[in-house]
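# Chains, contacts and geometry: an overview
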Amino acid sequence: MASPVGEDNWVDYVDHQLREATDLEARVRVIESFNDAVSAEPGSIKVWMAYCEYFWSLYNDCQPVSDAGWSPEEQEVGRSIFTIDAALNLWQRGYEAVQYRLSDSNELWDRWISLEMELLRRTVTEAGVRRITQLFRNRLTVPHATWDRTSQMFSTFLSEYNRQAYESEMEQITRSAKNAKRLYALRDPFETKLSLAVKSGDTAAVRAEMLEYIDWEIKQHKGKRDALDNFKICLGLFSRALTGVLASDDTTWLNFITLVSTSQSDLKAGRARVSANLVPNMLDVLRRAVHHIPWAGPVWARYILAAEEAALTFADVERIKHAATNSPQLDRDGMTGVLDMYSAWCGYLKRTAMNPKASEEAVDVAEVGLSSALEDVKHWGQRKYGENYQGDPDYRLEKILIQFLTEKKEDIEGARAIWDELSQIPLHANSYDFWLNWYLWEMVVFTAHRAKLRSPTPNTQAQGLLVPSLATRVFTRALKVRTLDWPERILQVYLKHCNDYELAETLREAHDTIYKTRKGVEKRREREARQAAEAALEQAAPADRSEDVPMTDASGSASPGSKRKREPTPAEDDAANKRPRSETNGDDVKRDREHNTVFLWNLPADATQTKIKQFFRDYGHVNNIDLKKGDDDAVALVEFRHSDDARAALIRDGKPFGDRIIQVTPAIDCTLFVTNYPPDADEEYLRNLFKAHGEIHSIRFPSLKENAKRRFCYLTFRERASAEAALKLDGKALGGRCRLVVKISDPAHKQHRQGAQEEERELHVINIPRTMKEDEVQGHFSKAGKVVSVRIPHLGTAFVVMQTKEEAQEAIKLLDKAMFGQHPIKVELSMPKGTKKTATAWGGAEDAGSPASTAAESTVSSGGGGGAARDRKVVILGVPDTMNEARVGNLLKPAGEFVKLTLHARHGGAIVEYKDAASAGKAQLVIDGLEVEAGQKLRVGTTEELFQSKGEKKVAGSDPCARPEPEKQGKKPPTAAQLMPPPPSINRPQVLGRSKPKTGMGTGAPGLGLRTNGVALGGPKRSNADFRSLFLGGDNNGGGGEGGGKVEEEKTKENGSKE
C-alpha cells in the first residue's frame, strides 16, 4: 500500500489502525506509524497533537488504576515502554517541531503545559517548579500570537508556586521577551490578513495571502539582523504552508527547496549565520516534495542531483529514477516534467562515466543507460501525443549523449550521426540555434583533431591547409531550410567562418549562396510583414472601435473638461491601438523600442555607455543605452536600430565584461503602455503605483512639442512576468476621476484611429434651432438614410452619425443650406481637431486683471500692487518637453499661487501670470534656479527668449556614445564665448510696492538712468539677495532711481504687443 500524503491522510490512516489495535503489539505498530507520519510531515501540528495524545493515553492505560481493559501482563510491559518520561519527552519533541508556527503553536503548548502543571499539583516539588518556570521562560522568548495569554498563565503560576520571586521573574521575562514581541509585531499585519482570509472561507484568498507572506519572509531571511530568529520563523511559515493550502503548490515547494539548498551552501562556505542542526536535510525535504507534487520534473531532477551529491549508491539513485517513471502523474503537465527528470538522470550517468576514476562497468552502464533514456522518452512522447511528438526543443538528452560519445568514447561519427538525425526533425531544423550549436561542435572537433585531419580540398596553392569543411557543410545545409527562423544570423556567421577558415573558392561560393539566399529572405520578410498587418486588421474588433471614447471618470461618466468625444491623444484613444507619432499612412514602424532592446545584467558598477557600445560593436548599431547603476553592479537597457541586431546581441549572453560574466536577455513584453492616469501624475507617482508588481527599470514620457495634450507613458519592468502581473491594474479607478489603462506596448500593432469621423460618416451640423431635441434632428436626417446617433454638445450645433459613408454624402446633398425649423443649416463632414501646441492650467489665485477686480485695475493704473500685465507675468525657460502643464503647476507651488499658466512645450518654457507684480517678483526669486530634473534647472527669462528657443533638441535614434557631426561642411566651429550659456535674465517689476512720481533729470531722456530688468544701467549692480531683502523687507526706495520710468513703460507696451 502506498504511503499517505498530507497531514489529513496520515491522521486518517493512523486513526484507522488505532481503532483496530486491541493488543499491545498492535498498539506498538500504531506508534511506528505515528513515527512515519511525523517523519513525512515534521511540521504538522495536527499529526503531532494526535501522536502525543495517543502516547499519553497509552501511559494512562497501562497504570494499575486504569480501567482500559488491559491484561496485567500487558500493563506491566506497557509501563516499561510508555513511561512518563517518554511521554513528556514526546510532548517536548512535538513542541520544538512546531514552536515557530506563530498562529497555532499554542494549541500543542497549552495542552502540554496543562499536563505538566497537573503533574505538579499531584506532587509539588522544587524541581517541578523550576522545570515549569524554565518552560515558560523559553516559550515567552519565542514570538507567537497568544503571547499575552502565555504571560498571564506564567503570572498566575508564579503567584501560586513562587510568589517571592514574582517581581524578579516578571521583570526578567519582560526584558528578554522584547525581541520576540518586536518580531511578531512585524508579522502581525500578515497574520491578520491571513486570519481574515481563513475566516472568510475563500481558499483562493488564503493562498494569495500566504504566498505574499512567504515572499516577504524570505526577504527578511536574507537580511543580517535577527538572522537566526528569521530563519526559524521562515521554516515555521513553510511548515504551515506545506501542510495547509499550499501543500501541492509547485512554487512553494521550490521556494522551500531553494531556501534549504542555499542554507546548506552557506554552511559549507562558512558564511552561514545559522547552525547546521537547524537546516533540514535536503534528501528528506525532496523525498517529501516528490510525494506531494509527483508531477514536478524539476523537483525529481533536484532529488537525483541531491542523491548524487550525497554520494548515494548507484542503486539508490536508480531507485529514485524508477520511482519517478512509475509515477502516473509525471506527465500531468505534458512532457516537460518527464524531460526534466530524464535530463537529470542522464547527467548523472554522464558524470559518473566521465569521472577519471570510473570503472569500465560504469562507462558501459552509462552508454546503455543514455541510449535507453533517449528511446524511453521518444516512446513516452509518442504514446502521449502520437506521431506529432518531435522531441525536446532543447534536445538536452541528445546533447548529453553527444558529449559522452565525443569526449569519453571518442566516437565522433556516432555523435555526428545524432546531429544528423536531429536535423531531420522540423522542430530543430527550423531553429538557427540548433545549427549554430552543431557548427560550434564541429569546430571543437576540428580544433581537437587538427593534427589528425587532412584537407578535404583538391590540390591548390594552399595545399596542406587544413580547413573545417564539415563545419562549413553545416551552414550550407541550414540555408536549404526555407522555414529557418533567423536565416540572417546564419548568413552572418557563415560569411565570417568562410573568411576566417576556408579557401578562396569556397569563400566565393559562399558569397554567391549568401547573395541569393538574402534576396529570398527579404521577400519572405516582406510577405510576413504583410500577413501580420492583415492579421492585425482582422483581429481588430470593429464594434469596439466604432466610436472613440473620451476620458472617463471612475463612475464611467465623461470628464467635465471634455466638450467633444474625441481628442487627438493616445490617452483618449483605444488603448490597445495607439496612434503613431508619425501621421503618415504607411504600415512601417520607424522605431520599435519594444522589440529592439535587450537587458544587460551583472555589469560592473564602473560600466559606461561607451564600453557597452564597444561590447556590441560587431552585432549592430546601438541607438540608445539606459544605464542604471547600483551599489556594486549595474543594469542596462540597450536599444538597437533593428530587431535583427537585438537578436544577434543575445549571443553575447554569458560573455565576460571586465571582471564579470554578464547576462543578456531580451526585453520583449517588458514595457507597458500606460495612460488615463491623473494629469499631475509624475514619475514618482507611477513608480509607487506599479512598484508592488516588480522592479521598474525606467519610465519614458512622450515629447509634448507637437501635441501638448498628450498624456501617456511607457513603463519598462526588468522582468516580463512583472509586466504581465501589472496588467491587473488595467481599469483601476484612480482618485475617483480616471480609470487607468495598462497594455503591453507593441508598436507593430499600432493602428490609426477608427470610428465614424475617420470613416466619413459623422456630420457636423451648424445653426440648428436652439429648441431642437436629438430625436427631432434624427427625424430630419432620416430623409437621407439610417441615423446611428445624434449629439447636441451645445445649443445650435449637432453631430449626426449616419450608418454609411454614402448616406452621409446624401445628407450633405439634401440638407446642406436647407431650412430646418425656419433656420438655414450648414451640413458638412466632421473634421478632427488640430493638435494643440500649448496647454493652459488655472491656479487658485484671483486674477487682478479680471472683470471682477476693477478696483484692483484702477489701483494698478496709479502704480498700486496689481501692476501692468507684463509685470504680473513670469517667463520660465528650461521646462522639459515631457512635462505637462499640471506637473509644471505642481512644481511651481513653492513660488505661490498663480492665476494662469500657459505651457509652450515646443519652446521648452511657460508663461505664468500672478495676481500682482509683487507676487510675480517673489515667484521669480523662487523659480530661478529651481531644479526640475537631475542636472536640469529652470531659469527666468523674457518672452523674446522663450519664442526664440526651440526647447530640448532630441534626435530619435541618436547614438549617445557618438560625437555630433557638423551640420555643414566648412562651417566654422563655435567659439568658446558662443558656447557659453546666456546669463540668467530676470524680469523684475518696475515698481516695488507704491509708485514714485516720474520726475527728475532722467525722465524720458535716452541713455540716462535707463533700467533693464529693474536694474539701473548707470548705478551699482544688485544681487538676488538684494532684491529678496527689498521684497521681504518692504524697502521701496531700492528700485533704482526715478529716471527711466517712462522709457520702461514704453518698453512694456512694446513687449506686450509681442506677447
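Per an unreviewed UniProt entry, the chain goes by the name Splicing factor and belongs to Podospora pseudopauciseta.

## Notes on the overall build of the chain
For the chain, the helix and strand inventory stands at 38 helices and 25 strands. Relative to its full complement of 1059 residues, the chain shows a buried share of 45%. Once local pairs closer than 6 in sequence are excluded, the contacts in the chain between residues at least 24 apart make up 69%. A total accessible area of about 55,400 Å² is found for the chain, and carbon and sulfur atoms account for 51% of it.

## Quick word on empty space enclosed by the protein
On inspection of all chains with the given rule, the structure shows three cavities of 30 Å³ or more. Size it by volume and the largest cavity reaches roughly 70 Å³. For the largest cavity, the full set of lining residues is Tyr677, Ala681, Phe701, Pro702, Leu704, Arg710, Arg711, Phe712, Thr882, Asn884 and Arg887. For the lining of the largest cavity, the class distribution of residues is six nonpolar, two polar and three charged.

## Some points on the environment of tyrosine 501
Note on placement: tyrosine 501 falls in helix α24 (residues 487-501). Residues tyrosine 501 and leucine 466 lie 35 residues apart in sequence; the distance between their C-alpha atoms is 8.5 Å. Excluding its chain neighbours within four sequence positions, the residues that come into contact with tyrosine 501 are Tyr439, Met443, Val467 and Pro468.

## Thoughts on the pairing of strand β2 (residues 622-629)
As paired strands, β2 and strand β3 (residues 633-640) are joined by seven bridges and run antiparallel to one another. Following the sheet pairing, leucine 627 is matched in β3 by alanine 636. The turn linking β2 back onto β3 is made up of three residues.

## Digging into the packing of aromatic side chains
According to the stated counting rule, one finds 42 aromatic pairs in the structure shown. On the basis of an interplanar angle of 55° and a centroid distance of 5.9 Å, the ring pair of phenylalanine 673 and tyrosine 714 is categorised as tilted. Remark: tyrosine 714 occurs in strand β9 (residues 712-717) and phenylalanine 673 occurs in strand β7 (residues 671-675); sequence separation between them is 41 residues. For the pair phenylalanine 673 and tyrosine 714, a shared accessibility class is recorded, and that class is buried. Linked through ring pairs, Tyr95, Trp109, Trp112, Phe136, Phe154, Phe157 and Tyr161 together constitute an aromatic cluster. Positioned above the aromatic ring of tyrosine 385, the side-chain terminus of lysine 384 is 5.8 Å from the ring centre. The aromatic ring of phenylalanine 701 is capped on one face by arginine 887, whose charged end is 4.6 Å from the ring centroid.

## Section: the sheet that holds strand β23 (residues 939-941)
Spatial strand order, β17-β19-β20-β18-β23: five strands in an open sheet with antiparallel pairing. Here the strands that pair on one side only, and so sit at the sheet edges, are β17 (838-842) and β23. Recorded for the sheet is a direction-independent mean angle of 25° between the axes of neighbouring strands. Two strands pair when backbone bridges link them, and strand β18 (residues 873-877) and strand β20 (residues 909-913) are joined in this way by five bridges, in the antiparallel orientation. Within β20, the residue paired with leucine 877 across the bridge is glycine 909. Here helix α34 (residues 917-927) sits on the sheet and contacts β18 and β23; the angle it forms with β18, its principal contact strand, is near 15°.

## Quick notes on helix α20 (residues 412-423)
With twelve residues, α20 extends 17 Å between its outermost C-alpha atoms, agreeing within 8% with the 16 Å of an ideal straight helix rising 1.5 Å per residue. Every buried residue of α20 is accounted for by Ile412, Ala415, Arg416, Ile418, Trp419, Leu422 and Ser423. Buried residues in α20, looked at end-on, bunch into an arc of 150°, giving them a common side. Opposite the buried face of α20, at more than 90 degrees from it, the exposed residues are Glu413 and Glu421. As for α20, its buried residues are in contact with α19 (396-408), α21 (426-429), α22 (432-448) and α23 (469-478).

## Observations regarding the confidence of the model for the chain
Per-residue confidence for the chain gives a mean pLDDT of 81, with 79% of residues at or over 70. Put simply, helix α32 (residues 854-861) is where the chain has its lowest mean pLDDT, 36, and helix α15 (residues 297-309) is where it has its highest, 96. Scored below 50 in pLDDT, residues 453-463 makes twelve contacts in the model with residues more than four places away or belonging to other chains. Confidence drops under pLDDT 50 across residues 954-973; counting only partners more than four residues distant or on other chains, this segment forms 22 contacts.

## Here we look at the sheet that holds β2
Judged by pairing direction, the sheet is antiparallel, and its four strands sit side by side in the order β2-β3-β1-β6 without closing on themselves. Of all the strands in the sheet, the pair left with one neighbour each is β2 and β6 (663-666). Taking the axes of each pair of neighbouring strands and ignoring which way they run, one obtains an average angle of 20° across the sheet. Pairing between strand β1 (residues 597-604) and β6: four bridges, direction antiparallel. Residue pairing for β6: tryptophan 601 is matched across the bridge by glutamine 663.

## Remarks on the side chain of asparagine 106
Structurally, the position occupied by asparagine 106 is in helix α6 (residues 105-122). Owing to a relative accessible area of 11%, asparagine 106 belongs among the buried residues under this scheme. Apart from the residues lying within four places of it in its own chain, the contact partners of asparagine 106 are Arg139, Thr146 and Arg149.

## Here's the deal with the pattern of salt bridges
Charged atoms that come close allow side chains of opposite charge to pair. Under the counting rule described, the total for this entry stands at 49 salt bridges. Linking aspartate 730 and lysine 743 is a salt bridge whose minimum nitrogen-to-oxygen distance equals 3.2 Å. Taken together, the positions of aspartate 730 in the loop between α29 (720-726) and β10 (733-734) and lysine 743 in strand β12 (residues 741-744) put the pair 13 residues apart, joining distant regions of the chain. In this structure, glutamate 945 engages arginine 939 in a salt bridge whose closest nitrogen and oxygen atoms are separated by 3.7 Å. Salt bridges sharing common partners tie together Glu488, Arg524, Arg525 and Glu528.

## A closer look at the packing of α15 against helix α16 (residues 314-325)
The geometry of α15 relative to α16 is characterised by a closest axis approach of 9 Å and an angle of 170° between their N-to-C directions. Compared by their axis directions, α15 and α16 come out roughly antiparallel. Contact residues: Trp300, Tyr303, Ile304 and Ala307 in α15; Val317, Ile320, Ala323 and Ala324 in α16. Considering only residue class, the contact of α15 with α16 consists of eight nonpolar, no polar and no charged.

## Some details on the pairing of β1
Within β1, seven of the eight residues are buried, leaving the element largely enclosed by the surrounding structure. As paired strands, β1 and β3 are joined by six bridges and run antiparallel to one another. Considered in β3, the bridge of leucine 603 is made with alanine 634.

## What about the environment of tryptophan 56?
Looking at where tryptophan 56 falls in the secondary structure, it is placed in helix α3 (residues 45-61). Among the residues examined, tryptophan 56 registers a relative accessible area of 7% and is labelled buried. Between the C-alpha atom of tryptophan 56 and that of leucine 88, which follows or precedes it by 32 residues, the distance is 8.4 Å.

## Thoughts on the side chain of threonine 665
Structurally, the position occupied by threonine 665 is in strand β6. Overall, threonine 665 belongs to the buried group, its relative accessible area being 18%. Of note is the side chain of threonine 665, whose polar atom sits 2.9 Å from the side chain of tryptophan 601. Once residues lying within four places of it in the same chain are set aside, the contact partners of threonine 665 are Val598, Phe599, Trp601 and Leu650.

Conventions adopted
- Residues numbered from 1 in each chain as written.
- Predicted model: local features only at pLDDT ≥ 70, side-chain atom pairs only at ≥ 80, totals over all residues.
- Heavy atoms only, no water.
- Helix = DSSP H or I, 4+ residues; strand = E, 2+ residues; numbered from the N terminus.
- Buried < 20%, exposed > 50% of the residue type's maximum accessible area, 1.4 Å probe, protein only.
- Contact = heavy atoms within 4.5 Å.
- Areas by Shrake-Rupley, 256 points an atom, 1.4 Å probe, with all protein chains shown as cover.
- 1 Å grid on protein atoms, 1.4 Å probe; cavity = no way out; pocket = protein on both sides within 12 Å on 5 of 7 lines; lining within 4 Å.
- Points joined across faces, edges and corners; volume = space filled by probe spheres on them.
- Nonpolar A, V, L, I, M, F, W, Y, C, P; charged D, E, K, R; others polar.
- Pairing = 2+ DSSP bridges.
- Phe/Tyr/Trp six-rings, centres within 6.5 Å; stacked < 30°, edge-to-face > 60°.
- Lys NZ or Arg CZ within 6 Å of the ring centre and 35° of its normal.
- Axes fitted to C-alpha atoms, helices over the stretch in contact; angles between N-to-C directions.
- Expected span 1.5 Å × (residues − 1).
- Arc of directions from axis to C-beta.
- pLDDT = per-residue confidence, 0-100.
- Salt bridge = Lys/Arg side-chain N within 4 Å of Asp/Glu carboxyl O.
- Parallel < 35°, antiparallel > 145°, perpendicular 65-115°, else oblique.
- Polar contact = N/O pair within 3.5 Å; in protein donor to acceptor, adjacent residues only side chain to side chain.

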